[in-house]
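Observations on the model geometry
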Amino acid sequence: MITNLNVINRDRLKSRLRKKRVMGTLGRFGIYIFLLLLALSMLIPFIWMISTSFMDDLEIYSYPPKFIPQKFLWRNYLEAMTILPFKRFFLNSVIISAGAVLGQLLFCSLAAYAFARLRFRWRDKIFALYLSTMMIPGIITLIPAFLIINAFGWMNTYWALITPMVTSVWGIFLLRQFFMTLPRELEDAAKIDGASEFTIYWRIVLPLSKPALATLAIFSFMGSWKDFLWPLIVTNKMEMRPVEVGIAMFHSIYSTNWPYQMAAAVVVMIPIVIVFFMAQRYFIKGITLTGLKG
Amino acid sequence: MLFRSYKKTVFLLLFILSIYIKTEILHAGNSITLRVANWAGAEEVILEKQIAAEFMRMYPEVKVRIEPIPSNYREKILTGIAAGKPPDVLLLDSVIIPALVNKGVLVDLMPYVERYGVDLSIYYPNVLAIALRDSSLYALPKDFTPMVMYYNKRLFDDMGIPYPEDDWTWDDYLEIAKRLTKDRDNDGVIDQFGTAFLNTLYLWQPWVWMMSGDILSPDGTRATGYFNSPETEAALGFLIDLRRKYKVAPHGPALSAVGGTGGMFYTGRIAMIESGHWWLPILKKYIKSGDVDVGVAPLPRPSDGEKVTVMYESGWAVPVGVTHLEWSIKLAVFFSGKKAARIRARSGIAVPAVISVAEEQVTDDPYGLEKVFIKEIPYARMPWGTKVDEFSRVEVIAKDAVDEVMIGGKSIHAAFTEAARFMDQELLKLTRKEKAPAGSLMKSTQIIIFIGISILLVVTIGIVGFILSSRKQRRGILTGYFFIAPSFIHLTIFVFSPVIFALFLSFHQWNIIVPEKPFVGLGNFKALLNDRYFWNALKNTAIFTLNVPVGMAISLLVAIAMNQRIKGVNLLRTLYFLPSVSSFVAISLVWTWLYHPQFGLANYILGFLGLGPFGWLSEPSTALISIMIMTIWMGIGYQMVIFLAGLQGIPEGLYEASRIDGASAWQRFWNITLPLLKPTTFFVLVTSVIASFQVFTSIYVMTEGGPMRSTDVVVYHIYKNAWDYLKMGYASAMAWVLFLIIMAATWIQFKFMGREVE
């Protein structure tokens, strides 16, 4: 009886598995189609942006829309870039991002070290206070922060653009998570040799944390490069504006000339996309390291 | 890879920084620098730079910089003046004149006119008059434009319709528009329209005057009885009916300024469009290349009405308190002189105010289009914006009212009467405000004191903690505080005290350029309750947040698909990620173009599926959804990576076990994947909802809150109030309300999902 039943069950299982394999192949095919269609929908706007950027300003008004321009007009790029001082916009963005990255690497790593490795009164309470600020919407601090910058007389300066960026609670959290995973042995050895906490932080923990620091650097770079509202309100001089604000101004000047706008959009995207390609793995790491433990 | 040697990177960045600082110092060494502010478009900037170069050639010791301010011109100039950093010469347009002239922040140029021997008779008298108050002259005129009707000659020729005469009437106009509205390819959809009607006031203002109606009372203090007078309603009724009744004007694209009508005109889909002289240069370019053939006619007049048009002008002014007064005036004189006018005439954006140059422009015009503009000058009136400060607020209400009739289907009288009431309220507020002197920007010492107290408080708490500790603990405390001090002080200045200070602000009437900042208690919050625009913004924000669950569902689906050990995961992941890393503003531009109602790709692709065409950003019913779609598209990559990491954290053994138990794929998903993914889902949900509540950039770039306020979200509304209307107290109250809503939303999410998560 028992063996019989088993045989029947095994047969059933086999046929089910076979069915599953057929379904599996079909399913896999479906998955690929789905993923490829999605990839296409991600790419099409970019392709269209690039093809429009080379077109004549009347050529774009054709229906059905065209993907390949009659003539590739490189001058769209030249003109779009010279009408507003885009070189200066890029320089500003580089300076702001560099300031933000350096500031965050220092400020965040210091605090993260304290929260991960030191023991002191109210440490966890302070850390909870830090984390709670992640829930505070940026808009509420915007007007007072603007008034502060204004009161300092920092309007239209790099101070205004960089200072608010130099700390990020998210970055502190990221580095703390990483510092916690480092083995304590090295530190203990250094302590026996009489090294101070700062020496341990600077000479041992930081060099061991290059991947995490790189992740933070990438995120703070992207964050400050793409920031829009803050630079919009603390600058009103053309030569102090970063790229993101610059291209928005370009849009308000040239709202109907799509080839120029698309050319400017392409130029603006190129550097940030290159950085992303070079640093992709740090990106993914950053998201998974903090996202999961949320 | 990139940061393998981060020392090198750091050095590189420092190097760039040092080069920059060096060049900056070198520049600062230059003698006199004069800044010229204008709001100008792109071609104009190039020409103004040429004019500046001409001036610098004459006076090598002076450096002139052109500083275009394309948006919020009025506010930027006002705050610049209030902060004591005005531009040395500024372009004055009809909108900013009342704000500056009435408040006496401009230098009276009359005394200098004689000293420098400026001949005022070279200008058209009624153009000069805009900045003339009694015997004081506050600006030297640059140029102007009356409003005219452009028409596509080829469409007229095709139908054998004669071109409009100088004295054509509204009936003629309607008749021609009807004849030129056609279904060219016989597919049952009208694809060629006789004309277009846009809801913006600057276009329909002269039509109202032609019917002897008006928008405000002669003294500019009241709208009721004027905006809702039978004459005004008749004029706008005629225009609205072009779209609603006669259907000779297109519906969707005309609503927005995304360039819809321009493109339709070039391609022969709209026959007649009202516009100013600024359109002529680009049209001339297309006429030259043979793409279109264009004629210009004066605006038609009603058969029993008078002939009127409106004239928008601009001129150069010098604000009080500039560092180099003499030079600034010299520059202003030069910028409005004959030589400058000639250089500017090359672009032909407007009609020069210098009579002789304007006449040269007419004789040099091979197409004979310029003369119409000159002929209109005697009939041109000064627009309301030139007389009433912050008239733009009235303008917005008028625009909404027209939309309510045209799209909302309201009766014209009801909509206009209500709008007139709103206008009266705004005007009353404005006259009250007028009494406040144009003080200088207060160095807001209050906030510095506030921050000082906050830092002191933090330090005191630290010291108390230190004292309360045992001796053994103290060493730890000192090192701990040393490490967290920089970030803690930073957070105190930029997060903790601002949150509190925002609350303080919300109890005040806080205008950055008015010295008195009275305490109003809960007044701002009470006003919020009755602010229909704020409620509208809240509603839009709530709707917008619905993009989060949809986007998360798609991202989860993608993550599950990606988790099936398929080939090319890395490439796909990069592709999906691309939108979320590239520039937000640039992406918004691309999608605005993608969503173009006539020539955009979105309608074309959906056309294959038999869907659309949609108006996308130009229709109030679809604009917000369009932005939500883009937001979802941008977020998929980011959310997918988080979900994928979450999925990979689920032990394979669980699936094996359930498979043996005979659970179906759906059951596995429902009973294993979802519950175990809960922390990830929760994280994505909370962060995305917070981000959604604060959407700004896409709205700012793509729709500016329109059409009909259908995309006016809270943060955009706060931005407008704080930096356009300079009502920072009121805006802070809004920010606090939003803050509380976000807190409540987060709390609810914790309550329903988070309990097991933490």
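Residues numbered from 1 in each chain as written. Chains lettered and ligands numbered in written order. Predicted model: local features only at pLDDT ≥ 70, side-chain atom pairs only at ≥ 80, totals over all residues. Heavy atoms only, no water.

Next up on the list: the overall build of chain A. Helices and strands together make up the secondary structure of chain A, namely 14 helices and zero strands. Each helix and strand of chain A, placed in order from N terminus to C terminus, yields the pattern α-α-α-α-α-α-α-α-α-α-α-α-α-α. Within chain A, the proportion of its 294 residues that are buried is 58%. Residue pairs in contact within chain A that sit at least 24 positions apart in sequence constitute 74% of those at least 6 positions apart. For chain A, the computed accessible surface area is about 12,900 Å², with 68% contributed by carbon and sulfur atoms. (Helix = DSSP H or I, 4+ residues; strand = E, 2+ residues; numbered from the N terminus. Buried < 20%, exposed > 50% of the residue type's maximum accessible area, 1.4 Å probe, protein only. Contact = heavy atoms within 4.5 Å. Areas by Shrake-Rupley, 256 points an atom, 1.4 Å probe, with all protein chains shown as cover.)

Right, let's talk about the interface of chain A and chain B for a bit. Every contact between the two is made by 125 residues of chain A and, on the other side, 142 residues of chain B. Between chain A and chain B, the buried area comes to about 11,800 Å², and carbon and sulfur atoms account for 78% of it. Between Glu239(A) and Arg65(B) there is a salt bridge, and its shortest N-O distance comes to 3.3 Å. Across the chain A-chain B interface, the total number found is 20 residue pairs in polar contact (both at pLDDT 80 or more). Sort the elements by how many residues they give to the side of chain A that touches chain B and helix 1 (residues 2-53) of chain A lands first, with 17 residues. (Buried area = accessible area lost by both parts, 1.4 Å probe. Salt bridge = Lys/Arg side-chain N within 4 Å of Asp/Glu carboxyl O. Polar contact = N/O pair within 3.5 Å; in protein donor to acceptor, adjacent residues only side chain to side chain.)

Before going further, it helps to spend a moment on the pairing of strand 7 (residues 148-152) of chain B. Successive residues of a regular strand alternate their side chains across the two faces of the sheet. Residues and elements named next belong to chain B. Buried residues dominate strand 7, accounting for five of its five residues. The two faces of strand 7 match: Val 148, Tyr 150 and Asn 152 on one face and Met 149 and Tyr 151 on the other face are all buried. In terms of strand pairing, strand 7 meets strand 9 (residues 270-275) through four bridges, oriented antiparallel. Paired with Val 148 across the strands is Ser 275, a residue of strand 9. Sheet topology note: the strand 7/strand 10 (residues 294-298) ladder contains five bridges and is antiparallel. Among the inter-strand pairings, Met 149 is bridged to a residue of strand 10, identified as Ala 297. (Pairing = 2+ DSSP bridges.)

Another aspect to go through is the packing of aromatic side chains. In the structure shown here, the tally under the stated rule is 78 aromatic pairs over all chains. Geometrically, the ring pair formed by Phe221(A) and Trp225(A) is tilted, given 5.4 Å between the ring centres and 35° between the ring planes. Linking Phe221(A) with Trp225(A), this pair stays in helix 10 (residues 210-226), spanning four residues, or about one helical turn. As far as burial versus exposure is concerned, Phe221(A) and Trp225(A) are alike and both buried. Linked through ring pairs, Phe146(A), Phe228(A), Phe696(B), Tyr700(B), Tyr716(B), Tyr719(B) and Trp723(B) together constitute an aromatic cluster. Above the ring of Phe466(B), the side-chain terminus of Arg474(B) is found at 5.1 Å from the ring centroid. (Phe/Tyr/Trp six-rings, centres within 6.5 Å; stacked < 30°, edge-to-face > 60°. Lys NZ or Arg CZ within 6 Å of the ring centre and 35° of its normal.)

Right, let's talk about the side chain of Asp88(B) for a bit. Residue and element names in this part refer to chain B. Relative to the elements of secondary structure, Asp 88 occurs in the loop between helix 3 (73-82) and strand 3 (89-93). Although buried, Asp 88 forms no salt bridge, and the nearest oppositely charged side chain, Arg 35, lies 4.6 Å from it. A polar contact of 2.8 Å, which involves the side chain of Asp 88, links it to the backbone nitrogen of Arg 35. (Lys, Arg positive; Asp, Glu negative; His and termini not counted.)

Take the side chain of Ser275(B) next. Residues and elements named next belong to chain B. Tracing the backbone shows Ser 275 in strand 9. Using a relative accessible area of 8% as the deciding quantity, one classes Ser 275 as buried. With residues up to four places along the chain from it excluded, the contact list for Ser 275 reads Pro 146, Met 147, Val 148 and Tyr 150.

Where strands meet in a sheet, backbone hydrogen bonds hold them as pairs that are either parallel or antiparallel. Residue and element names in this part refer to chain B. Pairing is mixed in the open sheet, where four strands are placed in the order 8-9-7-10. Here the strands that pair on one side only, and so sit at the sheet edges, are strand 8 (193-195) and strand 10. Averaged over all pairs of adjacent strands, the angle between their axes in this sheet comes to 25°, without regard to strand direction. (Axes fitted to C-alpha atoms, helices over the stretch in contact; angles between N-to-C directions.)

What follows deals with the packing of helix 3 (residues 86-117) of chain A against helix 21 (residues 471-506) of chain B. Taken N-terminus to C-terminus, the directions of helix 3 of chain A and helix 21 of chain B make an angle of 145°; their axes are 8 Å apart at the nearest point. In this structure, helix 3 of chain A meets helix 21 of chain B at a crossing whose hand is left-handed. Only Gly480(B), Phe483(B), Ile484(B), Pro486(B) and Ser487(B) of helix 21 of chain B make contact with helix 3 of chain A, whose side of the interface consists of Phe107(A), Leu110(A), Ala111(A), Tyr113(A), Ala114(A) and Phe115(A). Partitioned by chemical class, the residues of the contact of helix 3 of chain A with helix 21 of chain B number nine nonpolar, two polar and no charged. (Left-handed = near helix turned anticlockwise from the far one by under 90°. Nonpolar A, V, L, I, M, F, W, Y, C, P; charged D, E, K, R; others polar.)

Quick look at the confidence of the model for chain B now. When pLDDT drops low, the exact placement of atoms in the prediction is not to be read closely. Residues and elements named next belong to chain B. Of the residues in chain B, 91% have a pLDDT of 70 or more, and the chain-wide mean is 84. Looking at the elements of chain B, mean pLDDT is at its lowest for helix 1 (residues 6-28), recorded as 54, and at its highest for helix 23 (residues 532-545), recorded as 94. In this model residues 24-29 is a low-confidence stretch, pLDDT under 50, and it forms one contact with partners more than four residues away in sequence or in other chains. For residues 253-258, every residue scores under 50 in pLDDT, and the model assigns this stretch 24 contacts once sequence neighbours within four places are set aside. (pLDDT = per-residue confidence, 0-100.)

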